[in-house]
Amino acid sequence: MAAKVGSTGGGAVTGGPKGGGGPLLAWACLQLALGTMLALWGEQVPALLFLCGAIPLLLLSAWNRVRPPTGNPRLLARVSVPVVVLALATATAALGATAGLWLFLIGAELGVFALVWLIREIVAERRTVGG
Amino acid sequence: MAGLASLDHKATAAKVAIAATFFFLLSGLLALTMRAELAQPGLQLVSTHTYDELFTMHGSGMIYLFLTPAALGLGLYLVPLQIGASQIAGPRLALYGFWVYLCGGLAMYSGFLTNNGAGDAAWTGTIPLSNSSGTPGVGMDLWVIGVALATLGSLLIAITILLTILRLRAPGMTMLRMPVFSWTMLATTFMVVASFPVLIVAMGLLLAERHLGGVFTGATGSIAYQHLFWFYGHPVVYVMFFPFVGAVGESIATFSRKRFFGYRALVLSLLLFTSLSMAVWGHHMFITGAVKNQYYSLTSTLLALPAGIEYLDLIGTMVGGSLVFRAPMLFALGFVLQFLIGGLTGIVVASPPLDYHVNGSYFIVAHFHYTLFAGSLFGLMAGLHFWFPKMTGAMLRERLAKASFWVLVAGANLTFFPMFFLGYDGMPRRVADYEPRLGDLNLLSSIGAGVIAIGVVMVLVNIVVSLRRREPAGNDPWGEGQTLEWWTTSPPPATNFTSLPEITSYAPLLDLRQAAAAESASDLSRHIWRQRSEARGVER
């Protein structure tokens, strides 16, 4: 009755990640209808704002269609310190907007350092998966 | 450090839960201070400026730092488990999201340490109140940056949940076999992805306005800001509500010993709900006279349709079921009944003439606290009590949980129901003092706030006691779990599952139990038939 994780589970098993775009498309169509209605009512600028809301989801849906998941489990590092450093750097740089350029620059430098660290971590991880 | 930087979605969700609880308690303390100030007219325990900071930070803390992240954190923990995934898509993105959100929250609250105090332009940061002449000082800047960071964090967490649903479902887990909670999370992420970026842009522009000027000038500038803000501000109400509808739905189905009623209708209603919720922001601007009232009134009233379908589904699930009133079920029923009050008064404010009368009054405060506290928080409590054994491997104390439920029910209604009358009698919101004739109802409301605080402490004590003196929970502590998370161990292992059952519907474990019951029933009838045949043979 139970199947191993990652196995296809036999011929009776259908569906899976490939069919995920339907609800996104349905939702985007509803958005389009409501946005058009708003535009016809005479509020063109808010209608534009409204219609733009669906764009990221439509792009995501298209990407999901073009690059369906492979289904193979990925190896992942258990912890990622550079991600934490990058987040702290982002916050520091953002606070620089009120504290001054000096804090923004510290945040930016920390961010570059964390980004390089993160890229090295991901490259090493992919090498492990490949090798 | 390993725990703080762990990429496991369960560890990230736990961090979100702890941070959200911290901000909830902090914002709750601010609410208690406000209610102490409002207990009687003329008290003036705090200055009017401090009072402005209190209600601004209370609202901001509860919305940006507690309910929204808590809803998404619940999804971050449970969605991979419910759809049979061993991990989330983009675990680094989720971890980054958590840390950015935490920094945002701390930045927002650190405004209290500055000379002019924390942000005091309400949780909406309305222009011109929030510009540099309306609210000078670093505290308001920190509020703006904090809101932007916290919203960015929530957005990134939502993206990982959405990608997980789209790309990491187990074999056999089609979209129409996803559990109810996962569907509500999917609908939630639609709204987050579509509306949260707009708030981040609005906060960026507000910061530019404060430092450079000329961005939101004059009446048109103020209206433009309101459009941007409420384009986020209305959907976020549903972001803080949908996941808890899912939690309530799962609890009710499990404790009714029944399959969820009207699953496909619920899915349809969720899609309709999310679309409409994006199209109603203008009803917050009726009094500006700058929006098409007919359109926003129509879309706002139409929200009653999907809401009605959801209520029908929840009630239909209970009808004919064998109901078991465990603590999660009680909280779920509390949600259903109390949210109804919030929802019905929402229809009142969807009508422009009625909105003109009650806008800016305590009626609005009562309405949204019935949706967000008496509704969403009870839904969150239902989810907490339902999934706590799965997350920790320990059962919560049932009697204490039920006692805390009744205390919270009493507290919530005592606090927020009088506010309807206060608002209708003309008490404006966001004021530190009021007319003496409104003193009695305000005193009742303040007593209620104290009762809520006792209820919250009881829940926290229950969690601590249950974790210290553990009563182990098995894989399926309720004995009637329907979805995949109840298949794995409590708490789940690092990879979530070692095996998966065949998925043939949105309630695979219920399918297995029913198949086993049918099999044993047919074994029994075969056994009886064999015995009868043997008896006939003996007679012959």
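Computed from a prediction, not measured in an experiment: that's the story for all the values here.

A. Broad picture of the side chain of Arg 169 of chain B. Residues and elements named next belong to chain B. Structurally, Arg 169 can be placed in the loop between α4 (138-167) and α5 (180-211). Comment: no salt bridge for buried Arg 169; closest opposite-charge side chain is Glu 250, at 14 Å. Within the local environment of Arg 169, its side chain forms a polar contact with the backbone oxygen of Ile 165, the two atoms lying 2.6 Å apart.

B. Focus on the packing of aromatic side chains. Going through the model one piece at a time under the given rule, you end up with 51 aromatic pairs over all chains. When the centroid spacing of 5.7 Å and the interplanar angle of 70° are considered together, the rings of Trp 41 of chain A and Tyr 295 of chain B count as edge-to-face. Taken as a pair, Trp 41 of chain A in the loop between α1 (21-40) and α2 (44-52) and Tyr 295 of chain B in helix α10 (residues 293-302) lie in two separate chains rather than in one. Residue classification places Tyr 295 of chain B among the buried residues on the basis of a relative accessible area of 0%. Taken together, the ring pairs in this structure connect Tyr 64, Trp 123, Trp 143, Phe 196, Phe 216, Tyr 225, Phe 229, Trp 230 and Tyr 232 of chain B into an aromatic cluster.

C. Seen up close, the packing of helix α3 (residues 91-110) of chain B against α4 of chain B. Residues and elements named next belong to chain B. Contact geometry of α3 with α4 gives a least axis separation of 7 Å together with a crossing angle of 160°. Classified by the angle their axes make, α3 and α4 are roughly antiparallel. Considering only the axes of α3 and α4, their crossing is left-handed. Within the contact between the two elements, α3 uses Leu 93, Ala 94, Tyr 96, Gly 97, Phe 98, Val 100, Tyr 101, Gly 104, Ala 107, Met 108 and Ser 110 and α4 uses Leu 142, Trp 143, Gly 146, Val 147, Leu 149, Ala 150, Leu 152, Gly 153, Leu 156, Ile 157, Ile 159 and Thr 160. Split by residue class, the contact of α3 with α4 holds 17 nonpolar, six polar and no charged.

D. Main features of unusual backbone geometry. Residues and elements named next belong to chain B. Backbone torsion omega between Ile 127 and Pro 128 reads 10°, so that peptide bond is classified as cis. Looking at where Pro 128 falls in the secondary structure, it is placed in the loop between α3 and α4. In the segment running from Ser 490 into Pro 491, the intervening peptide bond is cis, with an omega of -10°. Looking at the element boundaries, Pro 491 is found in the loop between α16 (439-468) and β1 (499-501). One non-glycine residue with positive phi stands out, namely Arg 257, at about 55°. By the secondary structure assignment, Arg 257 is in the loop between α8 (242-255) and α9 (263-277). We note that Asn 496 has phi near 70°; this positive angle belongs to a residue other than glycine. Tracing the backbone through its elements, the reader meets Asn 496 in the loop between α16 and β1. A relative accessible area of 0% means that Asn 496 is categorised as buried.

E. Geometry of the domain arrangement of chain B. Residue and element names in this part refer to chain B. Once the domains are mapped, chain B shows domain 1 (1-240), domain 2 (242-473) and domain 3 (488-540). Each of domain 1 and domain 2 has a C-alpha centre, and the two are 19 Å apart. Contact residues are listed per partner, giving 54 residues for domain 1 and 53 residues for domain 2. Both sides of the domain 1 and domain 2 interface together cover about 4800 Å² of buried area, and 73% of this is carbon and sulfur. Of all residues in domain 1, the largest losses of buried area upon contact with domain 2 belong to Arg 35, Val 180 and Tyr 238, amounting jointly to 14% of the total for that side. Applying the counting criterion to the domain 1 and domain 2 interface returns zero salt bridges. Joining domain 1 to domain 2, the criterion identifies 17 residue pairs in polar contact (both at pLDDT 80 or more).

Rules used throughout
- Residues numbered from 1 in each chain as written.
- Chains lettered and ligands numbered in written order.
- Predicted model: local features only at pLDDT ≥ 70, side-chain atom pairs only at ≥ 80, totals over all residues.
- Heavy atoms only, no water.
- Helix = DSSP H or I, 4+ residues; strand = E, 2+ residues; numbered from the N terminus.
- Buried < 20%, exposed > 50% of the residue type's maximum accessible area, 1.4 Å probe, protein only.
- Lys, Arg positive; Asp, Glu negative; His and termini not counted.
- Salt bridge = Lys/Arg side-chain N within 4 Å of Asp/Glu carboxyl O.
- Polar contact = N/O pair within 3.5 Å; in protein donor to acceptor, adjacent residues only side chain to side chain.
- Phe/Tyr/Trp six-rings, centres within 6.5 Å; stacked < 30°, edge-to-face > 60°.
- Axes fitted to C-alpha atoms, helices over the stretch in contact; angles between N-to-C directions.
- Parallel < 35°, antiparallel > 145°, perpendicular 65-115°, else oblique.
- Left-handed = near helix turned anticlockwise from the far one by under 90°.
- Contact = heavy atoms within 4.5 Å.
- Nonpolar A, V, L, I, M, F, W, Y, C, P; charged D, E, K, R; others polar.
- Domains from an automatic or database assignment.
- Buried area = accessible area lost by both parts, 1.4 Å probe.

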